[in-house]
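Listed here are the chains, written in short residue letters.
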Amino acid sequence: MDFLTLFAIYVVVVVTCIVLVCKYSGQQQTPFSILLNSVGKVIAPITPKWLQNLSQRTLHRLFHQRNNMFIYLHILLEVAVYAEFTYEVFGFCREMDTTLISLSVPYILLLIKSVFFYLCIKRDPGTVTKKKVAGQIHVYPYDRKLFHPGTTCPTCQLLKPARSKHCRVCNRCVQRFDHHCVWVNNCIGAQNTRYFLLYLFSVCAMAGDIAVLTADMLLHAVLRSGLMMASYIDEYGDKQLAGLMFVVQHLFLTFPRVVFMLGFLVFVFFLLAGYALFHFYLAVVNQTSNEWYKSRGYVCQHCHPGTGTADDPRHPAPDHSKRYYYSRGVLRNIREIFLPPQPGHKKDK
Ligand SMILES: [Zn+2]
Ligand SMILES: [Zn+2]
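What comes next concerns the included structure.

### Here's the deal with the side chain of Gln136
Relative to the helices and strands, Gln136 resides in helix α6 (residues 133-136). Excluding residues within four positions of it along the chain, Gln136 makes contact with Gly126, Thr127, Val128, Thr129, Pro161, Gln175, Pro343 and Gly344.

### Here we look at the coordination of the zinc ion (ligand 1)
Distances from the zinc ion (ligand 1) to its protein donors, namely Cys153 (SG), Cys156 (SG), His166 (ND1) and Cys173 (SG), fall within the range 2.1 to 2.3 Å. Geometry at the zinc ion (ligand 1) is tetrahedral, judged from the 4 donor atoms that bind it and their angles of 102 to 119° at the metal. Mapped onto the sequence, the donors of the zinc ion (ligand 1) take the spacing C-x2-C-x9-H-x6-C.

### Quick look at the coordination of the zinc ion (ligand 2)
Looking at the metal site, the zinc ion (ligand 2) is ligated by Cys167 (SG), Cys170 (SG), His180 (ND1) and Cys187 (SG), spaced 2.1 to 2.3 Å from it. Mapping the donors of the zinc ion (ligand 2) onto the primary sequence yields the spacing C-x2-C-x9-H-x6-C. Here Cys167, found in strand β1 (residues 165-167), pairs with His180, found in strand β3 (residues 179-181); they are 13 residues apart in sequence, far enough to count as distant. A relative accessible area of 3% places Cys167 in the buried class.

### Considering helix α10 (residues 289-296)
Along α10, the residues classified as buried are Ser289, Asn290, Glu291 and Trp292. The secondary structure elements touched by the buried residues of α10 are β1, β3 and α9 (256-285).

### Things to note about the packing of aromatic side chains
Within this structure, the stated rule accounts for 15 aromatic pairs. Between the aromatic rings of Phe90 and Tyr107, the centroid separation amounts to 6.3 Å while the plane-to-plane angle is 65°, which identifies the pairing as edge-to-face. Of this pair, Phe90 sits in helix α4 (residues 69-95) while Tyr107 sits in helix α5 (residues 100-122), placing them 17 residues apart in sequence. On the basis of relative accessibility, which here comes to 23%, the residue Phe90 falls in the partly exposed class. Between Phe196 and Tyr199, the aromatic rings sit 6.3 Å apart at their centres with planes inclined by 40°, giving tilted as the arrangement. Of this pair, Phe196 and Tyr199 both sit in helix α7 (residues 193-225), 3 residues apart, which is roughly one turn of the helix. Here Phe196 falls in the buried class, since its relative accessible area comes to 2%. Ring-pair connections join several aromatic residues into one group, and the members of that group are Tyr82, Phe85, Phe90 and Tyr107. Positioned above the aromatic ring of Phe117, the side-chain terminus of Lys113 is 4.6 Å from the ring centre. Above the plane of the ring of Tyr140 lies Arg163, whose end atom (NZ or CZ) is 4.7 Å from the centre.

The rules behind each value
- Residues numbered from 1 in each chain as written.
- Chains lettered and ligands numbered in written order.
- Predicted model: local features only at pLDDT ≥ 70, side-chain atom pairs only at ≥ 80, totals over all residues.
- Heavy atoms only, no water.
- Helix = DSSP H or I, 4+ residues; strand = E, 2+ residues; numbered from the N terminus.
- Contact = heavy atoms within 4.5 Å.
- Donors = N, O, S within 2.8 Å, 3.2 Å for Na, K, Ca; no water.
- Tetrahedral: all angles 85-135°; square planar, octahedral: opposite > 155°, others 65-115°.
- Buried < 20%, exposed > 50% of the residue type's maximum accessible area, 1.4 Å probe, protein only.
- Phe/Tyr/Trp six-rings, centres within 6.5 Å; stacked < 30°, edge-to-face > 60°.
- Lys NZ or Arg CZ within 6 Å of the ring centre and 35° of its normal.

Put into structure tokens, the structure is as follows:
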């Protein structure tokens, strides 16, 4: 198997894993957990009881409870990329006179990203609690499409504020619930969406910057080697220019780890940039991922227009002409992400 095939397989595996994780993060039934459950059932008769209990507990912890597995995986990938960058790319770039300032940018971005990453993990996303629920209920009006007044969470036994949702992984209701993110092992809600957005953009900047520096290094390596001008004698005895594919294969063989890292970074960058832009768009229109998904498959069955609520300023009659019910203009929507309304203060509509 030649190097290009191997690299293509590697890229497909990495992309598939990332897509699966993004698609199913926070969901209860992932294809992986279904597969593991099925395998578990088949081998159950020949497995000792203690091993069955242990594996069940482990699976439960991995997929149905908060756990730090993806945080560790995240740190591991980051350590691998930064170790490779420092070990091979940094020295080479110094030799070709890249300034120390340019080379220190990835480390500064790492520091910034780590702060937002930590805040995403540690900051309470806006848990609905017995003590706070009376204030949280007034933060947003009910749109009577996705959120209806007087609904109680069957698990928490608390009234559900508009835009909140019960997270089954964390077992709590969260105000302005967006989604449960396995990479930060926390829900993304009213109080930490800002950190999540900044975290996404800083990871993109990190991946993009290291990718550019690495590509620059490889370009210099090619130019320095003179390979672009090189030629070879083919099987018919004719002189042929080496060409781009020859150069790419040469790079794979000379800097295998650097090329693998660059491939990984480019995919991570485009994947995360798309995801970050989607979340930025949601911030601009004042919608959560939860609302975005629900509103796309929404069938207006529970709505009762004209139920006489227009005189109640806290619960205005639903406005069906408005696509984004909670939107208050781009600037105010973005301000709401960075300065989320606090429970107890009724937000103007
Ligand atoms: Zn709940
Ligand atoms: Zn959660």
